[in-house]
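Structure assessment
Single-letter residue listing:
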Number of protein chains: 2
Amino acid sequence: MPTEQKDHIVRSFDEKLRDLRGRVLAMAATAEAQVSDAVRALLTRDRMLAAQVTGRDPALDRMEREIEEAVVLLLALRQPVAIDLRGVVAALKIAKDLERIGDHAKSVARRAGALAALPPTGSMNGFERLAERVKENLRRGLGALEAGDARAARDAWAADEGVDETYNGIVRELLTHMMEDPRSIGPATQLMFAAKSLERIGDHATNVAEAVHFAAIGSALPNERPQADTTGG
Amino acid sequence: MPTEQKDHIVRSFDEKLRDLRGRVLAMAATAEAQVSDAVRALLTRDRMLAAQVTGRDPALDRMEREIEEAVVLLLALRQPVAIDLRGVVAALKIAKDLERIGDHAKSVARRAGALAALPPTGSMNGFERLAERVKENLRRGLGALEAGDARAARDAWAADEGVDETYNGIVRELLTHMMEDPRSIGPATQLMFAAKSLERIGDHATNVAEAVHFAAIGSALPNERPQADTTGG
């Protein structure tokens, strides 16, 4: 094959890889915005914002499908090897986690919408802390993704513990609240599920970090991070 | 290339595909058993069985990692096209859903373990119904997987609605219970999260069906199944 032609094939493959990467980063940015807005809707009891988050969720589903199609095309047209191949497989995994993150953001937004109609339930300090930690972890995971940095990925992967503690604190507080005031049971269970969704978003941020690590290094991180959800599930 | 050698390559590729398929089916069987046992532990308040389910979860994580490695190897060594390629990509997606199903089974088992120490909370009829529906959907999804049957996959995909209704009924019942008897708040919230986990298992069974459909037909099912979780999340 003439060098020129070979160069062209390599270039077009690199372009396709860059395009895939761009799609994953765009999806990550959208997922992050969804989490941010869902949390804001919950904390400020903003029904309109909650509805916007719910309405935007199908865009993430579409993005995931497009990434899947791009991956299948890329694998069918070219045979990427070693680090490129791991990157392509990681893209597929990350897209799925981002889609789940979006799903949980939608859940938080739905709870926020339901809560806006109910009387306020105690302090939201714990929530604010949980949301900050989850968003921070998500930022770290996506930062590692953007940089393709294995060490950053490892750090993001290890950072989830603060989330578990804060989550457990919120559940305990909400339970106490419910026992003291049965009228708070409705809103408090909504909040409990919203907290669980945030905790799950933290888990998926961890998965993203793990996939970035896998793509950069080619080995998975140890599977069991020490878990500290002491509420039972 | 001599025909003999070509035959050998095709045969060894087919063997690798069969091996991957076998791994996915084995993982599916394990996930299904985990769900079954977790539900039984919950319904019969069996703490030992709950602990067994929790203890077996790392096996599913390991199986997922092995499937990932097999997929990456298969893609690196061979360049599967069209239906084979979709099958390989679907294997990756299905393994991830099965891992999540296992995670939720572990959550149910943990709740079951915590509940065994608490006084019983109302009737478990709704739960039995929910568990039956979820297990039925899982069986359908895995049946479609085993048969590689697009029509069966489509049926399994459409069958999730019964789960949503039953789940909503349980949540309403538990909320009523909590308001009538604040002592039930602790166990009832555990049950609520267990119900949510079962509902999620139903969602992942739907995803498996979707991936089977994608592998068999090459097109995704419409993304939004009509959703009927009216509890907010």
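Computed from a prediction, not measured in an experiment: that's the story for all the values here.

1. A few points about the overall build of chain A
If you tally the helices and strands in chain A, you get 7 helices and 0 strands. Ordered by position in the sequence, the α and β elements of chain A form the string α-α-α-α-α-α-α. For chain A, contacts bridging at least 24 residues in sequence account for 84% of all contacts bridging at least 6. Accessible surface, chain A as shown: approximately 9900 Å² in total, 52% of it carbon and sulfur.

2. Section: the packing of aromatic side chains
Applying the stated criterion across every chain yields a total of 1 aromatic pair over all chains. Their ring planes at 45° and their centres at 4.9 Å tell us that Phe193 of chain A and Phe193 of chain B sit as a pair that is tilted. A residue pair is termed interchain when its members come from two chains, as with Phe193 of chain A in helix α7 (residues 185-217) and Phe193 of chain B in helix α7 (residues 185-217). The class of Phe193 of chain B is buried, set by a relative accessible area of 6%.

3. Observations regarding the packing of helix α4 (residues 125-147) of chain A against helix α5 (residues 150-158) of chain A
All names here are of chain A. Closest axis-to-axis distance for the α4/α5 pair is 8 Å, and the angle between their directions is 165°. As summarised for this structure, α4 and α5 are arranged roughly antiparallel, according to the angle between their axes. Like other packed secondary-structure pairs, α4 and α5 cross with a definite hand, here left-handed. For the pair formed by α4 and α5, the contact residues are Arg140, Gly141 and Ala144 on the first element and Ala152, Ala153, Asp155 and Ala156 on the second.

4. Thoughts on the nonpolar core
Formed by 137 residues in total, the largest nonpolar core has its most connected members in Ile94 and Leu198 of chain A together with Leu42, Ile94, Phe127 and Leu198 of chain B. For Ile94 of chain B, the contacting residues outside a window of four places in its chain are Val24, Leu145, Val208, Ala211 and Val212 of chain B.

5. Let's talk about unusual backbone geometry
Residues other than glycine seldom take positive phi values, yet Arg45 of chain A does so here, at roughly 50°. Note on Arg45 of chain A: relative accessible area 33%, which makes it partly exposed.

6. Observations concerning the environment of Ser107 of chain A
Considering the arrangement of structural elements, one finds Ser107 of chain A in helix α3 (residues 82-116). Separated by 46 residues in sequence, Ser107 of chain A and Asp61 of chain A place their C-alpha atoms 15 Å apart.

7. Things to note about the pattern of salt bridges
Following the criterion strictly, the structure yields 28 salt bridges over all chains and no others. One salt bridge in this structure joins Asp97 of chain B and Lys96 of chain A, with 2.5 Å as the shortest N-O distance. Taken together, the positions of Asp97 of chain B in helix α3 (residues 82-116) and Lys96 of chain A in helix α3 put the pair across two chains. One exposure class covers both Asp97 of chain B and Lys96 of chain A, and it is buried. For Asp57 of chain B, the salt bridge identified is with Lys106 of chain B, shortest N-O distance 3.4 Å.

8. Description of the confidence of the model for chain A
Residues and elements named next belong to chain A. Averaged over chain A, the pLDDT score is 83; the fraction of residues at 70 or greater is 84%. Least confident of the elements in chain A is α5, whose mean pLDDT is 77; most confident is helix α2 (residues 47-77), at 91. For this predicted complex, the interface confidence score (ipTM) comes to 0.74, while the overall pTM stands at 0.81.

9. Structural notes on the side chain of Arg111 of chain A
Along the polypeptide, Arg111 of chain A turns up in helix α3. Taking relative accessible area as the criterion, Arg111 of chain A reaches 3% and is therefore assigned buried.

What counts as what
- Residues numbered from 1 in each chain as written.
- Chains lettered and ligands numbered in written order.
- Predicted model: local features only at pLDDT ≥ 70, side-chain atom pairs only at ≥ 80, totals over all residues.
- Heavy atoms only, no water.
- Helix = DSSP H or I, 4+ residues; strand = E, 2+ residues; numbered from the N terminus.
- Contact = heavy atoms within 4.5 Å.
- Areas by Shrake-Rupley, 256 points an atom, 1.4 Å probe, with all protein chains shown as cover.
- Phe/Tyr/Trp six-rings, centres within 6.5 Å; stacked < 30°, edge-to-face > 60°.
- Buried < 20%, exposed > 50% of the residue type's maximum accessible area, 1.4 Å probe, protein only.
- Axes fitted to C-alpha atoms, helices over the stretch in contact; angles between N-to-C directions.
- Parallel < 35°, antiparallel > 145°, perpendicular 65-115°, else oblique.
- Left-handed = near helix turned anticlockwise from the far one by under 90°.
- Core = buried A, V, L, I, M, F, W, Y, C linked by side-chain atoms within 4.5 Å.
- Salt bridge = Lys/Arg side-chain N within 4 Å of Asp/Glu carboxyl O.
- pLDDT = per-residue confidence, 0-100.

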